[in-house]
Structure formats: structure tokens, C-alpha cells
Amino acid sequence: MTSDYILVGGELYHYGVLGMKWGVRRNTSRAYTKASRKADRLEKKSTDLRLKSAKLQKKALKKEMKATSEKQYQKAREMQFKANKLNLKSAKKAKKYEKWKKRMENEFANVKMSDISKESIDEGKRYVYMLAK
């Protein structure tokens, strides 16, 4: 039996598990579930920001059309600026989601279905059905 600790100069140091590789996931089922949840969060954030941006843009356009003074017009332009900012943020999240999805595909391409738990497979199915809607 090997120890993961070493005593150096009166101090105890942890040097890791023998044979363990950095970044290697041992429980593929749990890793897949966690990765799927992150992908869902990223996609939801992107969609929410896009919807919020569209609402704000519509509101800004209405205000701009009804503006009678320079101050009201300026306020409408500020709302338009905020909407554009949200739109950019949404695009950034969507890009991050796509990047994460590609990484997931590469990471789990060689994983056998028998290695993945039933719960994780069910979660994946729910995700695919959600995308198909």
C-alpha cells in the first residue's frame, strides 16, 4: 500500500494518487451529467438574454417614436444601447455554448453507452427532445 503523503522537514505534503492523470474523468456517467447541465445553463442564458434584448429593443423603438423632447429621445437611445449590449452578451453566450457542445462531443465520442448511467441517458434524451421542439 502506498501513501499519498510525504513528510519533508517536519511538514506533511500531499503529492497525489499514484497513476492519476490530470483532467481524466473517472466516472464518465457523472461527468456527462455535469457537462449536460452546463450546456443547458449556457443555452438557457443565451436564450433569456436574447428575449430580454428583443423586449427592450421593442420598448425603445416605441419610446423613440413617441418622443417629443430631446430628453425623451435620448432616453430611448439609451434603451436601444442597452438592448444592443444584451444582444452582444447573448451572442457571446451562444458562442460559448457551441464551443462547449463541441468539446462535449469530442470528450464523449469514445464513451460506451454501457459506461453511462440510465439517469444520464434520460437527461440526454430530455435535452434532445427539448432541442427538437
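In what follows, the structure referred to is the one given above.
Now for a description of the structure that goes with this document.

Cut-offs applied
Residues numbered from 1 in each chain as written. Predicted model: local features only at pLDDT ≥ 70, side-chain atom pairs only at ≥ 80, totals over all residues. Heavy atoms only, no water. Helix = DSSP H or I, 4+ residues; strand = E, 2+ residues; numbered from the N terminus. Buried < 20%, exposed > 50% of the residue type's maximum accessible area, 1.4 Å probe, protein only. Contact = heavy atoms within 4.5 Å. Salt bridge = Lys/Arg side-chain N within 4 Å of Asp/Glu carboxyl O. Core = buried A, V, L, I, M, F, W, Y, C linked by side-chain atoms within 4.5 Å.

### What to know about the overall build of the chain
Per the secondary structure count, the chain includes three helices and two strands. Listing the helices and strands of the chain from first to last along the sequence gives β-β-α-α-α. Looking at the chain residue by residue over its 133 residues, the buried ones come to 21%. For the chain, the share of sequence-separated contacts (at least 6 apart) that also reach a separation of at least 24 residues comes to 65%.

### Observations regarding the environment of Asp-40
Relative to the assigned elements, Asp-40 resides in helix α1 (residues 28-66). Taking relative accessible area as the criterion, Asp-40 reaches 24% and is therefore assigned partly exposed. Discounting chain neighbours no more than four positions away, the residues touching Asp-40 are Tyr-127 and Met-130.

### A closer look at the pattern of salt bridges
When the charged atoms of two side chains with opposite charge come close together, those side chains can pair. Counting across every chain of the model gives five salt bridges. Among the salt bridges present, the one from Arg-77 reaches Glu-64, with a minimum N-O distance of 3.4 Å. Here Arg-77, found in helix α2 (residues 70-107), pairs with Glu-64, found in helix α1; they are 13 residues apart in sequence, far enough to count as distant. Between Asp-122 and Lys-118 there is a salt bridge, with the nearest N and O atoms lying 3.6 Å from each other. In this pair, Asp-122 and Lys-118 both sit in helix α3 (residues 118-132), four residues apart, roughly one turn of the helix.

### Describing the nonpolar core
Where a protein is soluble and globular, its nonpolar side chains tend to be buried together. By size, the foremost hydrophobic cluster in this structure holds eleven residues: Ala-31, Ala-35, Ala-39, Leu-42, Tyr-97, Trp-100, Met-104, Phe-108, Val-111, Ile-116 and Tyr-127. When residues in this core are grouped by element, the largest group, four residues, is from α1. Excluding anything up to four places from it in sequence, Ala-35 contacts Trp-100, Met-104 and Phe-108.

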